[in-house]
Amino acid sequence: MPTTVLTFAEKKRRGEKIVLVTAYDALTATMVHNAGVDAILVGDSAGMVFAGYDTTLPATMDEMLYHTKSVARGAKGAFIIADMPFLSYQCGHDDAVRNAGRFLKEGGAHAVKLEGCDPPLVTRLVAAGIPVMGHLGLTPQSVHVLGGFRAQGKTAAAQARLREQARALDAAGCFAIVLECVPASLATEITQTLEAATIGIGAGPGCDGQVSVINDLLGLSTGYVPRHAKRYADMYNQGLAAVRQHVAEVRSGVFPAAEHSIDMPAPPSAATLDTPR
Ligand code: KIV
């Protein structure tokens, strides 16, 4: 059964975990779809893990649309959630509706995700036919306001604010809400009080589902690995070893070998030549 927004509610009701993984290109989208995820998030984490920026802030509408279209081509039949990039929805609701609509109309997405708490915007997008996933806690587009990529909800006041925001987004019509880097006990409590499904990342096992950045799962990165991420492969180092071997083989003449080379067709023998009658 293909995923729809109703699947999130159904799975929450049945206590079945919901699995989301990010993808930014067609091939990776094919891979995660064939692996059986419930939905693919075209995250603006693309700005960091794909484009190499230090934050998600530089990701643009055009870039996110390009990633979304690529994912939609690679994972036909998948439920695709496109992340709205920084300043594509913060400068006015008309602008936000037009930008969100482009992800469905041009990008092939089925829903959008937005960071922070703007319930009237969520209601307006849903009324326009655009399903919305919220995102609370560590919201990377606010990295400079938060003073860094830091866990959130560590004081009683911050926890009260998160509970309040989650309730407001739920009431406004979000079908799901990402809870990023908040205490596990708080995420569990919020999960139990909302209709919307909660999707955790660094928020413990009590959420209705989990979202993971594909590069973290595959070990396809260098440097910092978030504490909440689990690596299931070591693709950066495997790729590095493979390319190093290739470099050495080209330099030593081992590659290309005969089987990688194209021969001229053998000249026809005298017996097979057409002879004039
Ligand atoms: O951009 C992204 O990949 C995200 C997830 C980490 C939730 O927002």
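Residues numbered from 1 in each chain as written. Predicted model: local features only at pLDDT ≥ 70, side-chain atom pairs only at ≥ 80, totals over all residues. Heavy atoms only, no water.

Chemist: Teacher, can you tell me more about the pairing of strand β2 (residues 39-42) here?
Modeler: Two faces belong to every sheet, and in a regular strand the side chains alternate between them. Of the two faces of β2, the one lined by Ala39 and Leu41 and the one lined by Ile40 and Val42 are each fully buried. Pairing between strand β1 (residues 18-22) and β2: 3 bridges, direction parallel. Opposite leucine 20, over in β2, you have alanine 39 as the bridge partner. Note on the crossover from β1 through helix α2 (residues 26-34) to β2: the handedness is right-handed. Where β2 meets strand β3 (residues 80-83), 3 bridges bridge the pair, whose relative direction is parallel. In the sheet register, valine 42 faces β3, and the bridge partner there is alanine 82. (Buried < 20%, exposed > 50% of the residue type's maximum accessible area, 1.4 Å probe, protein only. Helix = DSSP H or I, 4+ residues; strand = E, 2+ residues; numbered from the N terminus. Pairing = 2+ DSSP bridges. Right-handed = clockwise from strand over helix to strand, strands pointing away.)

Chemist: How should the pattern of salt bridges be read in this particular structure?
Modeler: Side-chain pairs of opposite charge can arise where the charged atoms are in close proximity. Per the stated rule, a full pass over the model turns up 10 salt bridges. Across the salt bridge formed by arginine 13 and glutamate 10, the nearest N and O atoms sit 3.2 Å from each other. Taken together, the positions of arginine 13 and glutamate 10, both in helix α1 (residues 5-14) and 3 residues apart, correspond to about one turn of that helix. The partner of aspartate 208 in a salt bridge is lysine 12, and the shortest N-O contact between them spans 2.7 Å. (Salt bridge = Lys/Arg side-chain N within 4 Å of Asp/Glu carboxyl O.)

Chemist: When you look at the site of the ligand in this model, what are you seeing that I'm missing?
Modeler: Taken together, the neighbourhood of the ligand is formed by Thr22, Leu41, Gly43, Asp44, Ser45, Asp83, Lys113, His135, Val178, Ile201, Val211 and Val213. Taking aspartate 83, its side chain carries an N or O atom lying 3.1 Å from an oxygen atom of the ligand. Lysine 113 is positioned such that a nitrogen or oxygen atom in its side chain is 3.0 Å from an oxygen atom of the ligand. The protein chains hide 95% of the 260 Å² of surface that the ligand would expose on its own. Split into classes, the residues belonging to the shell around the ligand amount to 5 nonpolar, 4 polar and 3 charged. (Near = heavy atom within 4 Å. Polar contact = N/O pair within 3.5 Å; in protein donor to acceptor, adjacent residues only side chain to side chain. Areas by Shrake-Rupley, 256 points an atom, 1.4 Å probe, with all protein chains shown as cover. Nonpolar A, V, L, I, M, F, W, Y, C, P; charged D, E, K, R; others polar.)

Chemist: What exactly am I supposed to notice about the packing of aromatic side chains here?
Modeler: Between two aromatic rings, the relevant description is the distance of the centres plus the angle of the planes. For the coordinates displayed, the defined rule picks out 3 aromatic pairs. Here the aromatic rings of phenylalanine 8 and phenylalanine 79 are separated by 5.8 Å at their centres, their planes lie at 55°, and the arrangement is tilted. A residue pair is termed long-range when its members are at least 10 positions apart, and phenylalanine 8 in helix α1 and phenylalanine 79 in the loop between α4 (61-74) and β3 qualify at 71 residues. A ring pair is formed by phenylalanine 8 and phenylalanine 175, whose centres lie 4.9 Å apart and whose planes are at 75°; its orientation type is edge-to-face. You can see phenylalanine 8 sitting in helix α1 and its partner phenylalanine 175 sitting in the loop between α8 (156-172) and β6 (176-180), a full 167 residues away along the chain. Members of the aromatic cluster, joined through ring pairs, are Phe8, Phe79 and Phe175. (Phe/Tyr/Trp six-rings, centres within 6.5 Å; stacked < 30°, edge-to-face > 60°.)

Chemist: I'm lost on the confidence of the model for the protein chain in this one. Help?
Modeler: If pLDDT is low for a region, its predicted coordinates should not be looked at in detail. Across the protein chain, pLDDT averages 96, with 97% of residues at or above 70. Ranking the elements of the protein chain by mean pLDDT puts helix α3 (residues 46-50) last, at 97, and strand β4 (residues 111-113) first, at 99. (pLDDT = per-residue confidence, 0-100.)

Chemist: Teacher, can you tell me more about the packing of helix α6 (residues 119-127) against α8 here?
Modeler: Helix-helix packing: each pair is described by the crossing angle between the helix axes and the interaxial distance. Between α6 and α8, the least distance of the axes is 8 Å, while the angle of their chain directions is 20°. As judged from the angle between their axes, α6 and α8 are roughly parallel. The interaxial crossing formed by α6 with α8 has right-handed handedness. Contacts from Pro119, Val122 and Thr123 in α6 reach Ala168, Leu169 and Ala172 in α8. Split into classes, the residues belonging to the contact of α6 with α8 amount to 5 nonpolar, 1 polar and no charged. (Axes fitted to C-alpha atoms, helices over the stretch in contact; angles between N-to-C directions. Parallel < 35°, antiparallel > 145°, perpendicular 65-115°, else oblique. Left-handed = near helix turned anticlockwise from the far one by under 90°. Contact = heavy atoms within 4.5 Å.)

Chemist: When you look at the sheet that holds β1 in this model, what are you seeing that I'm missing?
Modeler: The strands making up a sheet associate through backbone hydrogen bonding, with each pair oriented either parallel or antiparallel. Around the barrel, which closes on itself, the 8 strands sit in the order β1-β2-β3-β4-β5-β6-β7-β8 with parallel pairing between neighbours. Strand-to-strand twist in this sheet, taken as the mean axis angle between neighbours without regard to direction, amounts to 25°. This element, helix α5 (residues 93-105), spans β3 and β4 of the sheet and lies at about 135° to β4.

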